[in-house]
Amino acid sequence: MNTFKKGVHMDIKVWMYVIYLAVSVGLTIWVARALSRNGQVFLEEVFAEERLARAVNSLLVVGFYLLNLGYVTVAMKHPDPVDSTSQAMEELSLKIGLVLLVLGALHFFNVFALGRYRRNRLRQLATHPPLAPIGRLPMPSAPPGSQLVGAYPGGPQPTGAHPAGPPPAGPQPGVGPTNNPQAR
């Protein structure tokens, strides 16, 4: 009678393992395919090159399978005896719930990392600063004999204090006793 009872416990535990593996592997495959299919569009936007996006998508799917199936196999072991079907169901729901949490965590980590990469890439490609400027930077001094194009269209250069800070050092073209008609 004792060997019969041990055999029944083993059968419940074996069935629990079989169901756990079938559900976990099935969920992993389904989620990986959905993420791969729907993530392709997102990756093309992130990387701006279809070939690179496909390659990254394939690498992410392989990594997803390795991490999740590795977790599924490590978490499969249950050292305690399983005495009833209800206990097997409770253990099964705990294990599958943990698999789902790992799947979700991997998904959100990937989306977060790729979104961050995309924001950085878009920031680098932006032609204007992300925030309005607070002040003005000093204008670089022009070499002698040149004029900044478009600096003061249709009018003379301003006189007096340098508008963007201290005046540039060194002699200035057009300024001085020889070129200034009012100084004579």
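Everything below is about the structure shown above.
These numbers were taken from a predicted model, which means no experiment stands behind them. (Residues numbered from 1 in each chain as written. Predicted model: local features only at pLDDT ≥ 70, side-chain atom pairs only at ≥ 80, totals over all residues. Heavy atoms only, no water.)

**Some details on the overall build of the chain**
- Scanning the chain for helices and strands turns up 3 helices and 0 strands.
- In the chain, the succession of α and β elements from N to C terminus is α-α-α.
- When burial is assessed residue by residue, the chain has 20% of its 184 residues classed as buried.
- Put simply, 74% of the contacts in the chain that link residues at least 6 apart link residues at least 24 apart.
- Of the accessible surface of the chain, which amounts to about 14000 Å², a share of 66% is contributed by carbon and sulfur atoms. (Helix = DSSP H or I, 4+ residues; strand = E, 2+ residues; numbered from the N terminus. Buried < 20%, exposed > 50% of the residue type's maximum accessible area, 1.4 Å probe, protein only. Contact = heavy atoms within 4.5 Å. Areas by Shrake-Rupley, 256 points an atom, 1.4 Å probe, with all protein chains shown as cover.)

**Some points on a nonpolar patch on the surface**
- A cluster of nonpolar side chains, Val 14, Trp 15, Val 18, Ile 19 and Val 23, forms an exposed patch at the surface whose accessible area comes to about 430 Å².
- Here Val 23 shows up in helix α1 (residues 2–47).
- Classification of Val 23 by relative accessible area gives partly exposed; the value is 31%. (Patch = residues over 30% accessible without salt bridge, like charges linked within 9 Å, V, L, I, M, F, W, Y side chains within 5 Å. Salt bridge = Lys/Arg side-chain N within 4 Å of Asp/Glu carboxyl O.)

**Focus: the nonpolar core**
- Tyr 20 and Phe 64 are the most contacted members of the largest nonpolar core, which totals 15 residues.
- Among the elements of the structure, α1, α2 (50–74) and α3 (85–125) are those that each provide at least two residues to this core.
- The leading source of residues in this core is α3, at 6 residues.
- Those residues in contact with Phe 64 that lie beyond four places of it in its chain are Thr 28, Val 31, Ala 32, Leu 35, Leu 103 and Leu 106. (Core = buried A, V, L, I, M, F, W, Y, C linked by side-chain atoms within 4.5 Å.)

**Thoughts on the packing of α2 against α3**
- At a minimum axis separation of 10 Å, α2 and α3 run at an interaxial angle of 155°. The orientation of α2 with respect to α3, classified from their angle, is roughly antiparallel. Along this stretch, α2 crosses α3, giving a crossing that reads as right-handed. For the pair α2 and α3, contact is made by Leu 60, Phe 64, Leu 67, Asn 68, Tyr 71 and Val 72 and by Leu 98, Val 99, Val 102, Leu 103, Leu 106, Asn 110 and Leu 114, respectively. (Axes fitted to C-alpha atoms, helices over the stretch in contact; angles between N-to-C directions. Parallel < 35°, antiparallel > 145°, perpendicular 65-115°, else oblique. Left-handed = near helix turned anticlockwise from the far one by under 90°.)

**Some points on α3**
- Its 41 residues give α3 an end-to-end C-alpha distance of 59 Å, which sits within 8% of 60 Å, the value for a rise of 1.5 Å per residue.
- Taken together, the buried positions of α3 are Ala 88, Glu 91, Leu 92, Lys 95, Ile 96, Val 99, Leu 103, Leu 106, Leu 114, Gly 115 and Arg 121. (Expected span 1.5 Å × (residues − 1).)

**Here's the deal with the environment of Tyr 71**
- Assignment of secondary structure puts Tyr 71 in helix α2.
- Taking the relative accessible area as the measure of exposure, Tyr 71 reaches 25% and is therefore partly exposed.
- Apart from residues lying up to four places away in sequence, Tyr 71 is in contact with Tyr 20, Leu 98, Val 99 and Val 102.

**A look at the pattern of salt bridges**
- What the rule picks out here adds up to 2 salt bridges.
- For Glu 45, the salt bridge is made with Arg 118, and the minimal N-O distance between the two is 3.1 Å. Remark: Arg 118 occurs in helix α3 and Glu 45 occurs in helix α1; sequence separation between them is 73 residues.
- Residue Glu 45 is classed as partly exposed on the basis of its relative accessible area of 38%.
- Between Arg 54 and Glu 50 there is a salt bridge, and its shortest N-O distance comes to 3.1 Å. Of this pair, Arg 54 and Glu 50 both sit in helix α2, separated by 4 residues, roughly a single helical turn.

**A word on the side chain of Asn 57**
- Considering the arrangement of structural elements, one finds Asn 57 in helix α2.
- Given the relative accessible area of 7%, Asn 57 is considered buried.
- A distance of 2.9 Å separates a polar side-chain atom of Asn 57 from the backbone oxygen of Ser 36.
- If we ignore the near neighbours within four places in the chain, the residues touching Asn 57 are Ser 36, Gln 40 and Leu 43. (Polar contact = N/O pair within 3.5 Å; in protein donor to acceptor, adjacent residues only side chain to side chain.)

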